[in-house]
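Each chain, letter by letter, is given below.
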Amino acid sequence: MELKVIQLDEGLTHIALSGKLDVVGEQKIGADFRDLVETRKNDVIVDMSEVSYLASLGIRLLFAGAKFLAPEGKKLVVVNPQPMVEETLKTSGTVALIPIAKSADEALKLL
């Protein structure tokens, strides 16, 4: 699992994840992900186009980030998840708090 920072500015944190967001993947990127979300307190776009698998621990990581941002009036949006990952997000109910966008432009509109 890898976390790549695409954009960091005053109003937006845009990152890309790749690999399997399972127990091992969360251990690799979890602390960095939480640090980016919790210290910057910006809207967050998470490109998941290269995430091949999403386990419950990965869902929890995303959900915790979105829940942390909500009182600040900020959002976390997932962009372009692979079909299996998107289905996991939908069936877990995560989309109630974390919208899914098909592109970064669409994500910006949701923010």
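Before reading further, recall that the structure is shown in the block above.
Just so it is clear, the structure is predicted and the values come from calculations on it, not from any experiment.

K.L.:
So what exactly am I meant to see when it comes to helix α2 (residues 56-69) here?
P.N.:
Within an α-helix, residues lying three or four positions from one another point in the same direction, as the helix has 3.6 residues per turn. If you check α2, its first and last C-alpha atoms are 20 Å apart, about what 14 residues at 1.5 Å a residue would give, namely 20 Å. Every buried residue belonging to α2 is among Gly 58, Ile 59, Leu 61, Leu 62, Gly 65, Ala 66 and Leu 69, and all of these are buried. The buried residues of α2 occupy one face: seen down the axis, they fall within an arc of 160°. Facing away from the buried side of α2 by over 90 degrees, the exposed positions are Ser 56, Arg 60 and Lys 67. Where α2 is buried, its residues meet β2 (12-21), α1 (23-40), β3 (43-54), β4 (76-79) and α3 (83-91).

K.L.:
Would you mind going over the pairing of β3 with me for this structure?
P.N.:
Here is the key point about a regular strand: its side chains alternate between the two faces of the sheet. When β2 meets β3, the two strands line up parallel, connected through 9 bridges. Opposite Ala 16, over in β3, you have Asp 47 as the bridge partner. One crossover worth recording links β2 to the parallel β3 by way of α1, and it is right-handed. As paired elements, β3 and β4 share 4 bridges and run parallel to each other. Looking at the pairing, Asp 47 lines up with Val 79 of β4. At this point the chain moves from β3, through α2, to the parallel β4, and the crossover so formed is right-handed.

K.L.:
Sorry if this is basic, but what is going on with the packing of α1 against α2 here?
P.N.:
The description of two packed helices rests on the angle between their axes and on the distance between the axes. Look at α1 against α2: their axes get within 10 Å of each other, and the N-to-C directions meet at 10°. As far as their axial angle goes, α2 and α1 are roughly parallel. Facing Val 23, Glu 26, Ile 29, Gly 30, Phe 33, Arg 34, Val 37 and Glu 38 of α1, the residues of α2 in contact are Leu 57, Leu 61, Leu 62, Gly 65, Phe 68 and Leu 69. For the contact of α1 with α2, the class distribution of residues is 9 nonpolar, 2 polar and 3 charged.

K.L.:
When you look at α1 in this model, what are you seeing that I'm missing?
P.N.:
Spanning 18 residues, α1 covers 25 Å between terminal C-alpha atoms, matching the ideal 26 Å at 1.5 Å per step. Its axis deflected by about 50° at Ile 29, α1 carries its strongest bend there. Listed as buried for α1 are Gly 25, Glu 26, Ile 29, Gly 30, Phe 33, Leu 36 and Val 37. Along its buried surface, α1 packs onto β1 (2-8), β2, β3, α2 and β4. Sitting at the amino-terminal end of α1 is Asp 22, which places a side-chain oxygen 3.3 Å from the backbone nitrogen of Val 24. Phi turns positive one or two residues past the end of α1, at Lys 41, with a value near 55°.

Conventions and cut-offs
Residues numbered from 1 in each chain as written. Predicted model: local features only at pLDDT ≥ 70, side-chain atom pairs only at ≥ 80, totals over all residues. Heavy atoms only, no water. Helix = DSSP H or I, 4+ residues; strand = E, 2+ residues; numbered from the N terminus. Expected span 1.5 Å × (residues − 1). Buried < 20%, exposed > 50% of the residue type's maximum accessible area, 1.4 Å probe, protein only. Arc of directions from axis to C-beta. Contact = heavy atoms within 4.5 Å. Pairing = 2+ DSSP bridges. Right-handed = clockwise from strand over helix to strand, strands pointing away. Axes fitted to C-alpha atoms, helices over the stretch in contact; angles between N-to-C directions. Parallel < 35°, antiparallel > 145°, perpendicular 65-115°, else oblique. Nonpolar A, V, L, I, M, F, W, Y, C, P; charged D, E, K, R; others polar. Bend = angle between axes of the 7 residues up to and from the residue. Polar contact = N/O pair within 3.5 Å; in protein donor to acceptor, adjacent residues only side chain to side chain.

So, to be careful, I would describe these as geometric facts and stop short of saying anything about function.
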